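In case you want the letters, here they are:
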Amino acid sequence: MGTLAKNKYKKYLFMKRSASLAPYLPETRKMSRESLWSLVDKYGHVMVKPVWGSRGRGVIQVSDLGNDNYAIHYENKETMKWGREDTYHFIKMKIGAAAYMVQERITRPTIKNRPFDMRVIVQRKKYSSRWVVTGRVIKVAGKNYIVSNNTRSNGKLLRFRKGIKRSSISHLSVTALKSRIDKVSLLSAKKLKVLFPGHRIYGLDVATDRHGRVFIIEANLYPAMSHFLKLKARKMYRRILSYKRS
């Protein structure tokens, strides 16, 4: 299970086969020259991500600026390139021989002009088939970063309701948004159970677009608990630990 558990692309392909889950997954392909430009032509902005990566390491955003100009955002720096050959060569120089995938970029809402997404923890107890959302936290990207990983970008962590109320989607119903996120997160766990029958916890990276549409960016089988430890209130952290021990 170990190799499969950490392979983002294979997990995506498995989840994509589910008709009920497919609408919540951003289009993703194995990285190649053809797949990169196909998705750039289709969406204008894409994320180039390592298949085996974690904590936002190695993620690159590619944006079509028009007139054969492209912006490449890596870590906290943005580089402009002209022409597809130079752009692709620059990306290959960054990623080397590592396995990568290219993914439709979700235009995330913002808090103080910085994009955010969420970590949602879904668990079940040892002798139960009932999945429960035990934790939600909003991850705000640090200054000039595209990734929301708190350690990597020096971003901020906020409780769900507080974060939404401070955000560019504050006009949306927090209750309705939470319900949609929980529904998709639970659906993901139930589907992944087929692939990992003995597993009892998932950390889902969930994003919404600026209209509140929900997307599962990726599913982690061994999610870090540091997000919840860093919040002032430890209620969610204690609940997550309780389920892990049950």
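Thresholds applied
- Residues numbered from 1 in each chain as written.
- Predicted model: local features only at pLDDT ≥ 70, side-chain atom pairs only at ≥ 80, totals over all residues.
- Heavy atoms only, no water.
- 1 Å grid on protein atoms, 1.4 Å probe; cavity = no way out; pocket = protein on both sides within 12 Å on 5 of 7 lines; lining within 4 Å.
- Points joined across faces, edges and corners; volume = space filled by probe spheres on them.
- Nonpolar A, V, L, I, M, F, W, Y, C, P; charged D, E, K, R; others polar.
- Core = buried A, V, L, I, M, F, W, Y, C linked by side-chain atoms within 4.5 Å.
- Buried < 20%, exposed > 50% of the residue type's maximum accessible area, 1.4 Å probe, protein only.
- Helix = DSSP H or I, 4+ residues; strand = E, 2+ residues; numbered from the N terminus.
- Contact = heavy atoms within 4.5 Å.
- Pairing = 2+ DSSP bridges.
- Axes fitted to C-alpha atoms, helices over the stretch in contact; angles between N-to-C directions.

(A) Fine view of the layout of surface pockets. A volume near 290 Å³ is recorded for the second largest pocket. Each residue belonging to the lining of the second largest pocket can be placed in one class, and the counts come to 4 nonpolar, 6 polar and 4 charged.

(B) Main features of the nonpolar core. Residues Met-15, Phe-116, Ile-138, Phe-160, Ile-164, Ile-181 and Tyr-202 are the most contacted members of the largest nonpolar core, which totals 37 residues. Counting residues per element, the ones that place at least two in this core are helix 2 (8–16), strand 8 (114–123), strand 9 (132–140), helix 6 (160–165), helix 7 (174–195), strand 11 (201–208) and strand 12 (214–220). Top element by residues in this core is helix 7. It accounts for 6 residues. Those residues in contact with Ile-181, other than ones at most four positions away along the chain, are Met-118, Val-120, Phe-160, Val-206, Thr-208 and Val-214. If you look at the next biggest cluster of nonpolar residues, it comprises 17 residues, including Met-31, Val-40, Val-48 and Ile-95.

(C) Broad picture of the pairing of strand 11. The buried count for strand 11 comes to 8 of 8 residues, which makes it a mostly enclosed element. Burial along strand 11 is two-sided: the residues Ile-201, Gly-203, Asp-205 and Ala-207 and Tyr-202, Leu-204, Val-206 and Thr-208 are all buried. Here strand 8 pairs with strand 11 via 6 bridges, running antiparallel. Paired with Arg-119 across the strands is Asp-205, a residue of strand 11.

(D) Here's a closer look at the sheet that holds strand 2 (residues 45–50). Taken together, the 6 strands give an open sheet; going across it, the order is 1-6-2-3-4-5, and neighbouring strands pair in antiparallel fashion. A single partner strand is all that each edge strand has here, and the edge strands are strand 1 (28–30) and strand 5 (77–82). Put simply, the sheet's adjacent strands are angled 25° from each other on average, direction ignored. With 4 bridges connecting them, strand 2 and strand 3 (residues 60–66) associate as antiparallel partners. Following the sheet pairing, Val-48 is matched in strand 3 by Ile-60. Here helix 2 sits on the sheet and contacts strand 1, strand 2 and strand 6 (100–104); the angle it forms with strand 1, its principal contact strand, is near 130°.

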